[in-house]
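Secondary and tertiary structure notes
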Amino acid sequence: MKPNVYIYILVMAGVTYLIRMLPLVLFKKEITSSYVKSFLYYVPYACLAAMTFPAILTATAGGIISGAAGLIVALIAAYREKSLLTVALFACAAVFVVERIMGFLM
Amino acid sequence: MNKSAFQKGLKDGIPIGLGYFAVSFTFGIMAIQAGLSALQAVLISLTNLTSAGQFAGIGIIAASGSLWEMALTQLVINLRYCLMSFSLSQKLEKGVSNGHRLTVAFGVTDEIFGVSASQEGRISPWYNYGVMCVAIPGWTLGTLAGAVSGNLLPDFMVSALSVAIYGMFLAVIIPPAKKNRAVLGVVIGAMAVSTLFATVPVLNKVSTGFVIIITTVLVAGIAAYFCPIEEKGEAD
């Protein structure tokens, strides 16, 4: 059976709040385990990378070609250390241009 | 209340609030595409205040995933906030009550943590409240604007905007990967593992949330074992 959308939202919000709240309220000491610190340090990179690729290739209406254009342009802009918004806008613009060209060719 | 800390927070919160508005605008559009109502999209933003977790969350709702999958996915994606809260816990003024700690906790995001960690010395919870007073409306109203206008925007605009979130993720992970080979390895490794899950028969039956969980725990776990971070400098 499909759970109610509001139950999903409650679970999302509850888990997210607990993660933020428990260390602030319960642990007023520093973490000492080097393994745990290193693991927590690498988590965001692994997680965001896994969410981005290959999902970006199938995110657009134009399919893999416009998705790949967005990916390549975003990689270049990110490599040049542009701000979050700039990188995002460049990626959108690349998809827009490539989908216009594809529409023109077909 | 500490008025000067609160005002400083409001001021530092303005660029964050503007950035949040733009990001959550695309979240609003995608939530509607995933079959949610505008009210549900806004409620998610107001109660979660996080980008990656929310985007993964609407994917799980759209795919009718289990509540366990939802809880575990949020736990893994948002685990970084746990690290930030540990750090913030040391950074707050001595003797800050649990009431303040419970409230500050709600606003632990990458950006809000970033500005509070960059303040000199210990901070007043009122500084965080100032930032939250700008950032939370930015995030919530951006979602509302996206959810309402998503239906009005032409399809080609929606298609182009759908890569915005991935662009932002890349803007977060690529600069550190340039400077730190271990982070580069983690990024490439995680992309490779998630590609295996997307393409290999049987593995491609595993749902989105679990792919993120398995990939993250596996790759970060291996990296932490082989490349433990230095005690100083690198961790921030």
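Everything numeric in this text was worked out from a predicted model, so none of it was measured.

A look at the overall build of chain A
On a plain count of helices and strands, chain A comes out with four helices and zero strands. Counting from the amino terminus, helix and strand elements in chain A follow one another as α-α-α-α. In terms of overall size, chain A is more extended than a compact globule, its C-alpha atoms giving a radius of gyration of 20 Å where 106 residues would be expected to give roughly 13 Å. A principal-axis box enclosing the C-alpha atoms of chain A has dimensions of 60 × 45 × 20 Å. Across the 106 residues of chain A, 50% fall into the buried class. Of the contacts made within chain A by residues no fewer than 6 positions apart, 41% connect residues no fewer than 24 positions apart. Here chain A displays about 5500 Å² of accessible surface, and carbon together with sulfur accounts for 74% of that area.

As for the pattern of salt bridges
Enumeration over the complete set of coordinates arrives at four salt bridges over all chains. In this structure, the salt-bridge partner of lysine 178 of chain B is glutamate 81 of chain A, at a minimum N-O distance of 3.1 Å. Of this pair, lysine 178 of chain B sits in helix α10 (residues 164-179) while glutamate 81 of chain A sits in the loop between α3 (64-79) and α4 (84-105), placing the two residues on different chains. For lysine 178 of chain B, a relative accessible area of 37% corresponds to the partly exposed category. For arginine 80 of chain B, the salt bridge goes to aspartate 110 of chain B, with nearest N and O atoms at 2.8 Å.

Quick word on the nonpolar core
For soluble globular proteins, the rule of thumb is that nonpolar side chains tend to be buried together. By size, the foremost hydrophobic cluster in this structure holds 108 residues, and its most contacted members are Tyr42 and Met51 of chain A together with Ile44, Leu170, Ile173 and Val187 of chain B. In terms of residue count, helix α2 (residues 34-52) of chain A provides more of this core than any other element does, twelve residues in total. When residues of this core are assigned to domains, at least three fall in each of domain 1 (1-171) and domain 2 (179-235) of chain B. Non-local contacts of leucine 170 of chain B, meaning those with residues more than four positions away in its chain, are made with Thr52, Leu71, Ala74, Leu75 and Ala78 of chain A together with Pro175 and Met191 of chain B.

A short note on α3 of chain A
Across its 16 residues, α3 of chain A extends 22 Å between first and last C-alpha, which sits within 8% of the 22 Å expected from 1.5 Å per residue. When we look at burial in α3 of chain A, the residues that qualify are Ser66, Gly67, Ala69, Gly70, Leu71, Ala74, Ala77 and Ala78 of chain A. For α3 of chain A, the secondary structure elements touched by its buried residues are α4 of chain A together with α10 of chain B. Backbone geometry just after α3 of chain A places glutamate 81 of chain A at a positive phi near 60°.

Concerning the interface of chain A and chain B
It is common to report an interface's size as the accessible area lost on association of the parts. Counting residues at the interface gives 68 residues for chain A, matched by 95 residues for chain B. Carbon and sulfur atoms supply 76% of the area buried between chain A and chain B, which totals about 7400 Å² over both sides. In terms of surface lost to chain B, no three residues of chain A exceed Arg20, Leu24 and Tyr42 of chain A, which account for 11% of the buried area on that side. Residues lysine 179 of chain B and glutamate 81 of chain A are paired through a salt bridge, measuring 3.3 Å at the closest nitrogen-oxygen approach. Remark: the boundary between chain A and chain B carries 18 residue pairs in polar contact (both at pLDDT 80 or more). Broken down by secondary-structure element, the contributors of at least two residues to the side of chain A that touches chain B are α1 (5-26), α2, α3 and α4 of chain A. No other element matches α2 of chain A, which puts 18 residues into the side of chain A that touches chain B. Along the lines of polarity and charge, the residues of the side of chain A that touches chain B split into 51 nonpolar, seven polar and ten charged.

Focus on the UniProt feature "transmembrane region" (unreviewed entry) in chain A
Residue and element names in this part refer to chain A. The UniProt record annotates "transmembrane region" (unreviewed entry) at residues 6-27, 39-57 and 84-105. Secondary structure across residues 6-27 divides into 95% helix and 0% strand, with the first and last C-alpha atoms of the span separated by 31 Å. Taken end to end, residues 39-57 has its terminal C-alpha atoms 28 Å apart, with 74% of it in helix and 0% in strand.

Some thoughts on helix α11 (residues 181-199) of chain B
Over its 19 residues, α11 of chain B runs 27 Å from end to end, which matches the ideal 27 Å to within 8%, given 1.5 Å per residue. Turning to α11 of chain B, its buried residues are Ala182, Val183, Val186, Val187, Ala190, Met191, Val193, Ser194 and Phe197 of chain B. Where α11 of chain B is buried, its residues contact α2 of chain A together with α10 and α12 (208-226) of chain B.

Conventions and cut-offs
Residues numbered from 1 in each chain as written. Chains lettered and ligands numbered in written order. Predicted model: local features only at pLDDT ≥ 70, side-chain atom pairs only at ≥ 80, totals over all residues. Heavy atoms only, no water. Helix = DSSP H or I, 4+ residues; strand = E, 2+ residues; numbered from the N terminus. Rg over C-alpha atoms; globule rule 2.2 N^0.38 Å. Buried < 20%, exposed > 50% of the residue type's maximum accessible area, 1.4 Å probe, protein only. Contact = heavy atoms within 4.5 Å. Areas by Shrake-Rupley, 256 points an atom, 1.4 Å probe, with all protein chains shown as cover. Salt bridge = Lys/Arg side-chain N within 4 Å of Asp/Glu carboxyl O. Core = buried A, V, L, I, M, F, W, Y, C linked by side-chain atoms within 4.5 Å. Domains from an automatic or database assignment. Expected span 1.5 Å × (residues − 1). Buried area = accessible area lost by both parts, 1.4 Å probe. Polar contact = N/O pair within 3.5 Å; in protein donor to acceptor, adjacent residues only side chain to side chain. Nonpolar A, V, L, I, M, F, W, Y, C, P; charged D, E, K, R; others polar. UniProt positions renumbered as here; feature names shortened; annotations may be inferred.

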